[in-house]
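Residue-level listing of the chains:
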Amino acid sequence: MGGNPVKRPHAAFCTGRIIRHVVVMAGTGAIGLMAVFIVDLLNLFYISWLGDPAQTAAIGFAGVISYVQIAVSIGLSIGIGAITGRLIGAGRIEQARRVASSFGVVMLGACFLIGLATAWLAAPLLALLGAKGEAARQATTFLEIVSPGLPLIAVGMGCSGLLRAIGAARISMNVTLMGAVISAMIDPLLILVMGLGLKGAAISTILSRLIVALIGFRCVLRHGLFGWPVRTHVLSDTRLVGQVAMPAILTNLATPVGGVFVTHAMAGFGLAAVAGQATIDRIVPVAFAFVFALTGSVGPIMSQNLGAGKLDRVRQTLVASLWLVAACVAVTWGILFLTQDIVVRVFSAQGTAAMLIHLFCNWTIAGYVFIGMLFVANSAFNNLGFPLYSTLFNWGRATLGTIPFVWMGMRFGPAGVQVGQVLGSVLFGSCAVMTAFSVVRRLHPGDRATEQAMPVIPPPQSGEAGMIELDELDHST
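Our subject in this report is the structure included herewith. (Residues numbered from 1 in each chain as written. Predicted model: local features only at pLDDT ≥ 70, side-chain atom pairs only at ≥ 80, totals over all residues. Heavy atoms only, no water.)

With that out of the way, let us pick up empty space enclosed by the protein. Evaluated as defined, the whole model comprises three cavities of 30 Å³ or more. Lining the second largest cavity are 14 residues, with Asp40, Gly63, Ser66, Phe142 and Arg282 positioned closest to its centre. At the level of elements, α1 (18-49), α2 (53-89) and α8 (198-222) are the ones that each hand at least two residues to the lining of the second largest cavity. Of all the elements, α2 adds the most residues to the lining of the second largest cavity, at six residues. (1 Å grid on protein atoms, 1.4 Å probe; cavity = no way out; pocket = protein on both sides within 12 Å on 5 of 7 lines; lining within 4 Å. Points joined across faces, edges and corners; volume = space filled by probe spheres on them. Helix = DSSP H or I, 4+ residues; strand = E, 2+ residues; numbered from the N terminus.)

Take a look at the structure:
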């Protein structure tokens, strides 16, 4: 196996300053996330240079479908990271490796089927969003190329979640950075020099995800986070991770589903409105990468301390995360407020598209304080044994907090749609945080709340026993 010894995972977050763990995990996670979403931003940047509104709008339409796919992958990676981190925190190292391997196989298969189905149904799905003509054709081509590569996202995000579960935040960051660097080099070559347009952006996206998947898998193997999956335990291991992953998937699906309604509403005001919304949708993940990273990065800190019974540190993690969200939004608001004219020029935005970008940079960006609060609360719910709460709050925001407000906002044009989208987050973000603090207060060492937060886990099994059992099963078939 080479000269590099396999490292043993350990509970890194049960000691040391909480604020430092949160900053390091979310900070490195933010850089990694920023690298992933900069790929999308660069795609839009180069496509906007072509001066074709249909291609710019096509990125917006295809992006809505892609975000639904990515939401599933994020939910699966949250599940595998949360359960693995909890097992490691409780000292069940061998079982953590087996569970990671079992669910990794299931994760790969599920994303493969979803990717194929999306490629096959791309045209009718885009029609439901209001895509027509050349914009619909371009978006369909993009999804038909990119969607079959969804398993690559599953591998990359799953490995990143496992690395964060043991505190290897910098390694997780470097994995995604490499993919972004590759994409940044290939994008202008394929889109502009070779004149492939949106098709070139799709090819670049696939290559980037392949690099992330290969490097991530290699790093996970080096850290000893994968064992041999045991066939007789795959079902029970999948059920275990599924207790967190399925509600996390439902939770993460809420945001893109709400985005479907917003995109459909914007489509009624023309391609310029869709292009403006597409530009904002790609600026937000980069500008608020730190806030988004908190959802996945803070989870292992909470789950390890929960597994170790250190509940005071769980509450400290929640408080520190909220302060960091507020600081991040304030800094980002200031930067975008001062540079909004540059942003409009860089993306060649005109008319309605430019108006929407100015509105975002001036006012509606403030709503991300409450969206960040919702993300932090979701992380607490997913990792403390109450994942259904995050599902309810996210879907509440995506439905009751989006549809009525956007529907009323449509009377005031595309600006009203954008304002309506943000207003619902104020109510649901505030309520979610209050509920998260209530959940943390109910966790006391030795009481039933703590027991419920820890799902039923099968008896541990050694790696050697797992390999012997797998070998016997292979020879018996």
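Let us now look at the side chain of Asn394. Relative to the helices and strands, Asn394 resides in helix α15 (residues 387-398). Judged by its relative accessible area of 4%, Asn394 falls in the buried class. Among the polar contacts listed, one links the side chain of Asn394 to the side chain of Asn378, at a separation of 2.9 Å. With residues near it in sequence (within four places) discarded, Asn394 still touches Thr251, Asn252, Ala254, Thr255, Leu374 and Asn378. (Buried < 20%, exposed > 50% of the residue type's maximum accessible area, 1.4 Å probe, protein only. Polar contact = N/O pair within 3.5 Å; in protein donor to acceptor, adjacent residues only side chain to side chain. Contact = heavy atoms within 4.5 Å.)

α8 packs onto helix α5 (residues 133-146) with a crossing angle of 20° between their chain directions and a minimal axis gap of 9 Å. Judged on the interaxial angle alone, α8 and α5 are roughly parallel. Of the two elements, α5 crosses α8, and the hand of that crossing is right-handed. Within the contact between the two elements, α5 uses Gln138, Ala139, Thr141, Phe142, Ile145 and Val146 and α8 uses Leu198, Lys199, Ala201, Ala202, Ile203, Thr205, Ile206 and Arg209. Among the residues forming the contact of α5 with α8, the class breakdown is nine nonpolar, three polar and two charged. (Axes fitted to C-alpha atoms, helices over the stretch in contact; angles between N-to-C directions. Parallel < 35°, antiparallel > 145°, perpendicular 65-115°, else oblique. Left-handed = near helix turned anticlockwise from the far one by under 90°. Nonpolar A, V, L, I, M, F, W, Y, C, P; charged D, E, K, R; others polar.)

All right, on to the nonpolar core then. A general trend in soluble globular proteins is that nonpolar side chains are found buried together. Membership of the largest hydrophobic core comes to 90 residues, with the highest contact counts inside it found for Phe61, Leu126, Phe142, Phe288, Leu318, Phe360 and Leu384. If one sorts the elements of this core by residue count, helix α12 (residues 311-346) sits on top with 12 residues. Discounting chain neighbours no more than four positions away, the residues touching Phe142 are Ala62, Ser66, Leu198, Ala201, Ala202 and Thr205. If you look at the next biggest cluster of nonpolar residues, it comprises 37 residues, including Ile80, Leu87, Ala100 and Ile249. (Core = buried A, V, L, I, M, F, W, Y, C linked by side-chain atoms within 4.5 Å.)

Further remarks concern the environment of Val419. Checked against the element boundaries, Val419 lands in helix α17 (residues 414-441). Overall, Val419 belongs to the partly exposed group, its relative accessible area being 33%. Along the chain, Val419 and Thr364 lie 55 residues apart, while their C-alpha atoms are 6.4 Å from each other. Excluding residues that lie within four positions of it along the chain, Val419 makes contacts with Leu359 and Thr364.

Take the pattern of salt bridges next. For the structure on display, the rule yields one salt bridge. Between Glu134 and Arg137 there is a salt bridge, with its nearest N and O atoms 2.7 Å apart. With Glu134 and Arg137 both in helix α5, this residue pair falls three residues apart, about one helical turn. Taking the relative accessible area as the measure of exposure, Arg137 reaches 49% and is therefore partly exposed. (Salt bridge = Lys/Arg side-chain N within 4 Å of Asp/Glu carboxyl O.)

Summed over all chains, the structure comprises five aromatic pairs. Where Phe381 meets Phe393, the ring centres are 6.0 Å apart and the plane angle is 10°; that geometry is what we call stacked. Highlighted residues: Phe381 in helix α14 (residues 368-383) and Phe393 in helix α15, separated in sequence by 12 residues. As far as the burial class goes, Phe381 and Phe393 line up, both buried. An aromatic cluster is built from Phe381, Phe386, Tyr389 and Phe393, whose rings are joined through pairwise contacts. Between the NZ or CZ atom of Arg411 and the centre of the ring of Trp407, over which it lies, the distance is 4.8 Å. (Phe/Tyr/Trp six-rings, centres within 6.5 Å; stacked < 30°, edge-to-face > 60°. Lys NZ or Arg CZ within 6 Å of the ring centre and 35° of its normal.)

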